[in-house]
Amino acid sequence: MPSVISEVIIPLQTSVGPGGRFQSQEFDVSGTQSISVNVSITNVNPTIKRTIFFGPSPNGGFQPARVDAFQTSNHLLTSLPTHGPKMFVVVENTGLTAMNCDGWLYGVRLVP
């Protein structure tokens, strides 16, 4: 029977300072065909980017599946095929201003 994945991947108002980086924990997405990841920041800021990683590969690594910057919107909702049994998200701030961010993971597990 299908089950829903609904996880907070970045707690509300997590601060990412200038030059800072936030990495979520790994989440089990095995049994899903696709997932949706929603990450928001305080304001539009092209110096902040979000990367979605999947893995592990046979050598234990994780590969970036999608990289986006907050150039035109303060939220990024991305649906993409599942490329591995686990995933995590990284938010990086290469700018000079601290930003708060938060994020969620959604999916439907078709296989137990």
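Structure shown above.
Residues numbered from 1 in each chain as written. Predicted model: local features only at pLDDT ≥ 70, side-chain atom pairs only at ≥ 80, totals over all residues. Heavy atoms only, no water.

> Got a minute to help me understand the pairing of strand E5 (residues 45-55) in this structure?
Side chains on a regular strand alternate between the two faces of the sheet. With respect to burial, E5 is a largely interior element, eight of its eleven residues being buried. Alignment of E5 against strand E6 (residues 63-70), held across seven bridges, turns out to be antiparallel. When the sheet's bridge partners are listed, Phe53 is paired in E6 with Pro64. As paired elements, E5 and strand E8 (residues 86-93) share eight bridges and run antiparallel to each other. For Gly55, the partnering residue across the bridge sits in E8 and is Lys86. (Buried < 20%, exposed > 50% of the residue type's maximum accessible area, 1.4 Å probe, protein only. Helix = DSSP H or I, 4+ residues; strand = E, 2+ residues; numbered from the N terminus. Pairing = 2+ DSSP bridges.)

> What exactly am I supposed to notice about the nonpolar core here?
One recurring pattern in soluble globular proteins is that nonpolar side chains are buried together. Residues Ile10, Ile35, Val37, Met87, Val89, Val91 and Leu105 are the most contacted members of the largest nonpolar core, which totals 23 residues. Mapped onto this core, the elements with two or more residues apiece are strand E1 (3-16), strand E4 (32-41), E5, strand E7 (75-81), E8 and strand E9 (99-109). Among all residues touching Ile10, those that are not within four sequence positions of it are Phe22, Val39, Val89, Val91, Cys101, Asp102 and Gly103. (Core = buried A, V, L, I, M, F, W, Y, C linked by side-chain atoms within 4.5 Å. Contact = heavy atoms within 4.5 Å.)

> Help me out: how do you make sense of the packing of aromatic side chains in this one?
Within a pair of aromatic rings, the relevant descriptors are the distance that separates the centres and the angle that separates the planes. Applying the stated criterion to the full structure yields two aromatic pairs. An angle of 10 degrees between the planes, with centres 4.8 Å apart, marks the rings of Phe53 and Phe88 as stacked. Here Phe53 is found in strand E5, whereas its partner Phe88 is found in strand E8, with 35 residues between them in sequence. (Phe/Tyr/Trp six-rings, centres within 6.5 Å; stacked < 30°, edge-to-face > 60°.)

> Help me out: how do you make sense of a nonpolar patch on the surface in this one?
A cluster of nonpolar side chains, contributed by Val4, Val108, Leu110 and Val111, occupies part of the molecular surface with about 350 Å² of accessible area. Within the secondary structure layout, Leu110 lies in the segment after E9. Note on Leu110: relative accessible area 40%, which makes it partly exposed. (Patch = residues over 30% accessible without salt bridge, like charges linked within 9 Å, V, L, I, M, F, W, Y side chains within 5 Å. Areas by Shrake-Rupley, 256 points an atom, 1.4 Å probe, with all protein chains shown as cover. Salt bridge = Lys/Arg side-chain N within 4 Å of Asp/Glu carboxyl O.)

> Any chance you could explain the environment of Arg21 here in plain terms?
Among the secondary structure elements, Arg21 is positioned in strand E2 (residues 21-23). We classify Arg21 as exposed; its relative accessible area is 51%. For Arg21, the residues in contact, after removing those within four places along its chain, are Val16, Val90, Val91 and Glu92. Of the polar contacts made by the side chain of Arg21, one reaches the side chain of Gln23; its length is 3.1 Å. (Polar contact = N/O pair within 3.5 Å; in protein donor to acceptor, adjacent residues only side chain to side chain.)

> Looking at this model, I keep getting lost on the sheet that holds E4. Mind explaining?
Consider a sheet: its strands pair through backbone hydrogen bonds, and that pairing is either parallel or antiparallel. Strand order in the open sheet formed by four strands is E1-E9-E4-E7, and the pairing between neighbours is antiparallel. The sheet is open, and its two edges are formed by E1 and E7, each paired on a single side. Going from strand to strand, the sheet's axes swing by 10 degrees on average, the running direction of each strand aside. For E4 and E9, the ladder comprises eight bridges, and the chain directions are antiparallel. Looking at the pairing, Val39 lines up with Gly103 of E9. (Axes fitted to C-alpha atoms, helices over the stretch in contact; angles between N-to-C directions.)

The quantities given are spatial measurements derived from coordinates; they are silent on function.
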